[in-house]
Amino acid sequence: MSDTTPTVLIDDGAIRPPDRSGPPRSRGRPRLFARLSRTPRRVPQAAWACALVACLNAACWSLITPPFQTPDEPSHYAYTQTLVETGHLPTGRVELFSPAEEIALRDLQQTLVRYQPQNHTISTAAQQRQLQADLALPLSRASPNASVATSEPPLYYALQAIPYYAGSTGTVLDRLELMRLLSALIAGLTAFFVFLFAREAFPGAPWAWTVSGLGVAFAPLLGLMGGSVNSDTLLYAVSAALFYCMARGFRHGLTPRLAALTGATIAIGLTTKLNFLGLLPGAVLGLVVLTARAHRASCGKAYRSLALGLAVAASLPGAYVTSNLLSGRPVYGTLSDNLTSTTGRSPLSELSYIWQFYLPRLPGMHSYFPGIFTPVKFWLDGFVGLYGWVDTVFPAWVYRAALLPVGALTILFLSGLLQNRASLRGRLSELSIYGVMGVGLAAL
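Keep in mind the model is a prediction, meaning the values are calculated, not measured.

**Focus: the overall build of the chain**
In terms of helices and strands, the chain carries 21 helices and four strands. Burial statistics for the chain: of 444 residues in total, 40% are counted as buried. Summarising the internal contacts of the chain: among those between residues at least 6 apart in sequence, 70% fall at separations of at least 24. With the model as given, the accessible surface of the chain reaches about 23,600 Å², and the carbon-plus-sulfur share is 67%.

As structure tokens, then:
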């Protein structure tokens, strides 16, 4: 290579001469189309493999989990049903669904099985015949109620309208399974973006990319929720995508394209589930920090990228809020209700409650969870495996045995931080953004 030949740095860190060939002009393809067509080929095959594993794992969960026996699945199904059958968002918060759904819940003995793992779902031939006969009845599918899901934004349910329409000639259970399979595809996106995040965060450790993707793909929580109808599934995927956008920005810098992608991710998250609001402060702060970095190279381009990202981020939520204002609904679901109500606790009490929800109680704190060590009971046990309506558990010894590998992983994690403390100092701003996003979500 001569001294006059320019070079470029590509994702794997190697130095290569720039590719000036571009797409063949004789084909007349637009340059943007050519770039988009090359993008899937630039993603490592291992990322697609992790996505496939997560998708298949969640699809298996969708088949073995009894219908409507995952948290709030009847409400999430009812939201989509109301949206499709009436063309309007649900308004009622009563746990009283359409006649077609209610008779399915009755014949499945859903209320007897929910929260009571000692009660099994129907299993006799007579029960099955009764269910099939009732599912075939021409009952109304319209109802304004979606219970606890009513206050959630509509994007996930609008996507679920596709499989609902596809199964419109089938029964309630046919449509439910098709909707579960869409959730399984979305679960695959979660593992995919976790792989890409690890690729950007640890460019020198390719083994960590696959370990991260597969670790998420096989997580019981992702399998259970990805095999059900629940907006949490899309929340997982869009949250992983946001972390990927942040990591890519800190590694490669903020560009208009990345700013627009980050803004689109934020917009999708804010119209997926209210919990995403917890990630918003960290995401906006991340865009500001990346803009400050890009400002050194090009002031005008940096601010244009920031403006583009924020504008795209506000697009879908703005339309949702406007629609709520025009229809007389709460501006932003239960968040609006909470902002105008009082819990009767002081700010210090609220902080104490949040602290104890995740961490051991400190001396002097009022005990909000007496007799429960929340870091283990709520979080460790939950990731080891809580199924059904968070009511179906392993024997107690399984959770205690899980403390051994968790302890070993914690030691390895702390050891890794100690050994790489020099390189971490140069990434404090990036790590701080991840910390703000995590704390924000936990607090919300």
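**Re the pattern of salt bridges**
With the rule as written, the count across this model stands at eleven salt bridges. Among the ionic pairs, Arg-106 bridges to Asp-107, the shortest N-O distance being 3.0 Å. Given a relative accessible area of 52%, Arg-106 falls into the exposed group. Note that Arg-106 and Asp-134 form a salt bridge whose closest N and O atoms lie 2.9 Å from each other. Pair noted here: Arg-106 is in helix H4 (residues 99-107) and Asp-134 is in helix H6 (residues 125-135), with a separation of 28 residues, a long-range link. Put simply, Arg-106, Asp-107 and Asp-134 are held in one network by salt bridges that share partners.

**Focus on the packing of aromatic side chains**
By the definition in use, this model includes 24 aromatic pairs. A centroid spacing of 5.5 Å and a plane angle of 80° characterise the contact between Phe-192 and Phe-193, whose relative ring orientation is edge-to-face. When the ring of Phe-394 is compared with that of Tyr-399, the centres are 6.0 Å apart and the planes differ by 55°; the resulting orientation is tilted. The class for Phe-394 is partly exposed, based on a relative accessible area of 32%. Exposure remark for Tyr-399: the relative accessible area of 4% places this residue in the buried category. Of the aromatic side chains, those joined through ring pairs into one cluster are Tyr-353, Phe-357, Tyr-358, Tyr-368, Phe-369, Phe-378 and Trp-379. The aromatic ring of Trp-389 is capped on one face by Arg-114, whose charged end is 5.1 Å from the ring centroid. Across the ring face of Trp-209, the terminal group of Arg-199 is positioned such that the distance to the ring centre comes to 5.9 Å.

**Focus on the packing of helix H13 (residues 280-295) against helix H14 (residues 299-327)**
With their axes 8 Å apart at the nearest point, H13 and H14 run at an angle of 160° to one another. Classified by the interaxial angle, the pair formed by H13 and H14 is roughly antiparallel. For the pair H13 and H14, the sense of crossing is right-handed. Here Leu-287, Val-288, Thr-291, Ala-294 and His-295 of H13 come into contact with H14, specifically with Cys-299, Ala-302, Tyr-303, Leu-306 and Leu-310. Of the residues that constitute the contact of H13 with H14, the class distribution is eight nonpolar, two polar and no charged.

**A look at the side chain of Thr-82**
Positionally, Thr-82 belongs in helix H3 (residues 73-86). The residues contacting Thr-82, other than those within four sequence positions of it, are Gly-87, His-88, Leu-89, Pro-90, Ser-143, Pro-144 and Asn-145.

**Here's the deal with the environment of Leu-56**
Relative to the helices and strands, Leu-56 is located in helix H2 (residues 45-64). For the pair formed by Leu-56 and Ala-187, sequence separation is 131 residues and the distance between their alpha carbons is 9.3 Å.

**Some points on the side chain of Ser-305**
By the element assignment, Ser-305 lies in helix H14. For Ser-305, the contacting residues outside a window of four places in its chain are Leu-254, Thr-255, Pro-256 and Ala-259.

**Notes on the nonpolar core**
Leu-242, Ile-266 and Phe-276 are the most contacted members of the largest nonpolar core, which totals 47 residues. Looking at this core, the elements that each hand over two or more residues are H2, helix H8 (172-201), helix H9 (206-217), helix H11 (232-252), helix H12 (256-270), H13, H14 and helix H21 (428-443). Broken down by element, this core gets its largest block of residues, nine residues, from H8. The next biggest cluster of nonpolar side chains, apart from the first, holds 28 residues, and it includes Phe-68, Ala-146, Val-229 and Leu-234.

**Considering a nonpolar patch on the surface**
Taken together, Leu-285, Val-288 and Val-436 make up a surface patch of nonpolar side chains, about 210 Å² in accessible area. Looking at the secondary structure, you find Val-288 in helix H13. For Val-288, a relative accessible area of 42% corresponds to the partly exposed category.

**Side note on the packing of H8 against H9**
Contact pair H8 / H9: the axes reach a minimum separation of 8 Å and the direction vectors enclose 155°. Taken together, H8 and H9 sit at an angle that is classed as roughly antiparallel. When the axes of H8 and H9 are compared, the crossing they make is right-handed. Residues Thr-190, Ala-191, Val-194, Phe-195, Ala-198 and Arg-199 of H8 touch H9, and the partners they reach there are Ala-208, Trp-209, Thr-210, Ser-212, Gly-213, Val-216 and Ala-217. Per-class residue counts for the contact of H8 with H9 are eight nonpolar, four polar and one charged.

**A few points about helix H17 (residues 374-385)**
For H17, built from twelve residues, the straight-helix expectation of 16 Å at 1.5 Å per residue is met to within 8% by its first-to-last C-alpha distance of 15 Å. Those residues of H17 not exposed but buried are Thr-374, Leu-380, Asp-381, Gly-382, Val-384 and Gly-385. Summarising the contacts, the buried residues of H17 are in contact with helix H10 (220-226), helix H16 (347-358), strand E3 (386-387), strand E4 (392-393), helix H18 (396-401) and helix H19 (403-419).

**Examining unusual backbone geometry**
A positive phi angle is found at Tyr-115, which is not glycine, with a value near 70°. Among the structural elements, Tyr-115 can be located in the loop between helix H5 (110-113) and H6. Positive phi is not limited to glycine here, since Ser-147 has a value of about 50°. If you trace the backbone, Ser-147 turns up in the loop between H6 and helix H7 (155-166).

Parameters and conventions
Residues numbered from 1 in each chain as written. Predicted model: local features only at pLDDT ≥ 70, side-chain atom pairs only at ≥ 80, totals over all residues. Heavy atoms only, no water. Helix = DSSP H or I, 4+ residues; strand = E, 2+ residues; numbered from the N terminus. Buried < 20%, exposed > 50% of the residue type's maximum accessible area, 1.4 Å probe, protein only. Contact = heavy atoms within 4.5 Å. Areas by Shrake-Rupley, 256 points an atom, 1.4 Å probe, with all protein chains shown as cover. Salt bridge = Lys/Arg side-chain N within 4 Å of Asp/Glu carboxyl O. Phe/Tyr/Trp six-rings, centres within 6.5 Å; stacked < 30°, edge-to-face > 60°. Lys NZ or Arg CZ within 6 Å of the ring centre and 35° of its normal. Axes fitted to C-alpha atoms, helices over the stretch in contact; angles between N-to-C directions. Parallel < 35°, antiparallel > 145°, perpendicular 65-115°, else oblique. Left-handed = near helix turned anticlockwise from the far one by under 90°. Nonpolar A, V, L, I, M, F, W, Y, C, P; charged D, E, K, R; others polar. Core = buried A, V, L, I, M, F, W, Y, C linked by side-chain atoms within 4.5 Å. Patch = residues over 30% accessible without salt bridge, like charges linked within 9 Å, V, L, I, M, F, W, Y side chains within 5 Å. Expected span 1.5 Å × (residues − 1).

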